[in-house]
Amino acid sequence: MSHETNLKEADRKIFKTSLDDGLLDIFLAGFVLMFAVAPFLSRYLGDFWSSAIFLPFWGALYLLLRWLRVHVVNPRIGTVKYGLVRKKKITAFTIVMLVLNTAFLILGMLAFTIPSDSGWRFILPFGAMVLILFSLAGYFLDLNRLYVYGLMLALAAPVGEWLYQNFGASHHGYPVTYGFSALVILLVGLVKFITLVRNNPLPPEDLSLLETNNG
């Protein structure tokens, strides 16, 4: 029993290490940035295209981060092959996220069919959805900082609306609150990535290969 517990703990630590390079945080920051910038574009592109225009940006960011993982991270810490228990947990996470996102999308579409003069009708449920999604992601991926990100992003819309109603912040305060959230997440990701690179220098054989390729 103790041996099995030790294996599970080792698997958990290895998995957390594989996600502790900051690249996931940087990608999340790029996604959150959309909520800060899109309000400025909606006036010219409309609500749909002001968000859809970010798809190429996300694609380019994903390719860049994948390149960094393959050519910068993996040579330093190696690649990870997950065990059966971890694979099952990831599969469960994927299914839960798919079901919840689909349900939230349908609820969101139905909400827009209900007339209301209060913007809080959308803000509060949206914040609850974000908190639920990030909390589940934090649980399944064993990443405690996702709980903090979820709380921060769940509060972004209500705080932005409060800034808008009390201080006249533009675009319901979203550029301020989501911009701040994106900056915090980005800084966490960059610190983790830089720390990993500094603390894990390339092995001598990889340095020789790099010098040969650059020469």
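Here's what I pulled together on the structure shown here. (Residues numbered from 1 in each chain as written. Predicted model: local features only at pLDDT ≥ 70, side-chain atom pairs only at ≥ 80, totals over all residues. Heavy atoms only, no water.)

1. Quick notes on the nonpolar core
General note: in soluble globular proteins, nonpolar side chains tend to be found buried as a group.
Alright, step 1. Phe-134, Leu-146, Tyr-149, Tyr-178 and Ile-185 are the most contacted members of the largest nonpolar core, which has 22 residues in total.
Alright, step 2. At the level of elements, helix H2 (23-52), helix H5 (120-141), helix H6 (145-167) and helix H7 (174-199) are the ones that each hand at least two residues to this core.
Alright, step 3. Counting residues in each nonpolar core, the second largest holds nine residues, with Leu-61, Leu-65, Phe-193 and Leu-196 among its members. (Core = buried A, V, L, I, M, F, W, Y, C linked by side-chain atoms within 4.5 Å. Buried < 20%, exposed > 50% of the residue type's maximum accessible area, 1.4 Å probe, protein only. Helix = DSSP H or I, 4+ residues; strand = E, 2+ residues; numbered from the N terminus.)

2. Section: unusual backbone geometry
Alright, step 1. At Asp-142, a residue that is not glycine, the phi angle is positive and equals roughly 60 degrees.
Alright, step 2. Looking at the element boundaries, Asp-142 is found in the loop between H5 and H6.
Alright, step 3. Assessed through its relative accessible area of 15%, Asp-142 is described here as buried.
Alright, step 4. Residue His-172 is not a glycine yet carries a positive backbone phi of 60 degrees.
Alright, step 5. Mapped onto the secondary structure, His-172 falls in the loop between H6 and H7.

3. Details of H6
Alright, step 1. Between its terminal C-alpha atoms H6 stretches 31 Å, which fits the 33 Å expected from 23 residues at 1.5 Å a residue.
Alright, step 2. Of all the bends in H6, the greatest reaches close to 35 degrees and is centred on Ala-156; the proline Pro-158 follows between one and four positions later.
Alright, step 3. Following H6 by one or two positions, Gly-168 has its phi on the positive side, about 70 degrees. (Expected span 1.5 Å × (residues − 1). Bend = angle between axes of the 7 residues up to and from the residue.)

4. Examining the packing of H6 against H7
Alright, step 1. Axis separation between H6 and H7 bottoms out at 7 Å; the angle between their running directions is 160 degrees. One element, H6, and the other, H7, form an angle in the roughly antiparallel class. The two elements H6 and H7 meet at a crossing, and its hand is right-handed. Counting all contacts with H6, which are made through Arg-145, Tyr-149, Met-152, Leu-153, Ala-156, Ala-157, Val-159, Gly-160 and Leu-163, the residues of H7 involved are Tyr-174, Val-176, Thr-177, Tyr-178, Ser-181, Val-184, Ile-185, Val-188 and Lys-192.
Alright, step 2. The residue makeup of the contact of H6 with H7, split by class, is 13 nonpolar, three polar and two charged. (Axes fitted to C-alpha atoms, helices over the stretch in contact; angles between N-to-C directions. Parallel < 35°, antiparallel > 145°, perpendicular 65-115°, else oblique. Left-handed = near helix turned anticlockwise from the far one by under 90°. Contact = heavy atoms within 4.5 Å. Nonpolar A, V, L, I, M, F, W, Y, C, P; charged D, E, K, R; others polar.)

5. Observations concerning the packing of aromatic side chains
Alright, step 1. Summed over the entire model, instances satisfying the criterion amount to six aromatic pairs.
Alright, step 2. For the ring pair Trp-162 and Phe-167, a centre distance of 5.3 Å and an interplane angle of 70 degrees mean the geometry is edge-to-face.
Alright, step 3. Exposure remark for Trp-162: the relative accessible area of 45% places this residue in the partly exposed category.
Alright, step 4. Three or more aromatic residues joined by ring pairs form one cluster here, namely Phe-31, Phe-35, Trp-58, Tyr-174 and Tyr-178. (Phe/Tyr/Trp six-rings, centres within 6.5 Å; stacked < 30°, edge-to-face > 60°.)

6. Regarding the pattern of salt bridges
Alright, step 1. Going through the model one piece at a time under the given rule, you end up with four salt bridges.
Alright, step 2. Between Asp-20 and Arg-145 there is a salt bridge, and its shortest N-O distance comes to 3.3 Å. Pair noted here: Asp-20 is in the loop between helix H1 (2-18) and H2 and Arg-145 is in helix H6, with a separation of 125 residues, a long-range link.
Alright, step 3. The class for Asp-20 is partly exposed, based on a relative accessible area of 33%.
Alright, step 4. Taking relative accessible area as the criterion, Arg-145 reaches 16% and is therefore assigned buried.
Alright, step 5. Arg-69 serves as the salt-bridge partner of Asp-21, at 3.0 Å between the closest nitrogen and oxygen. Highlighted residues: Asp-21 in the loop between H1 and H2 and Arg-69 in helix H3 (residues 55-77), separated in sequence by 48 residues. (Salt bridge = Lys/Arg side-chain N within 4 Å of Asp/Glu carboxyl O.)

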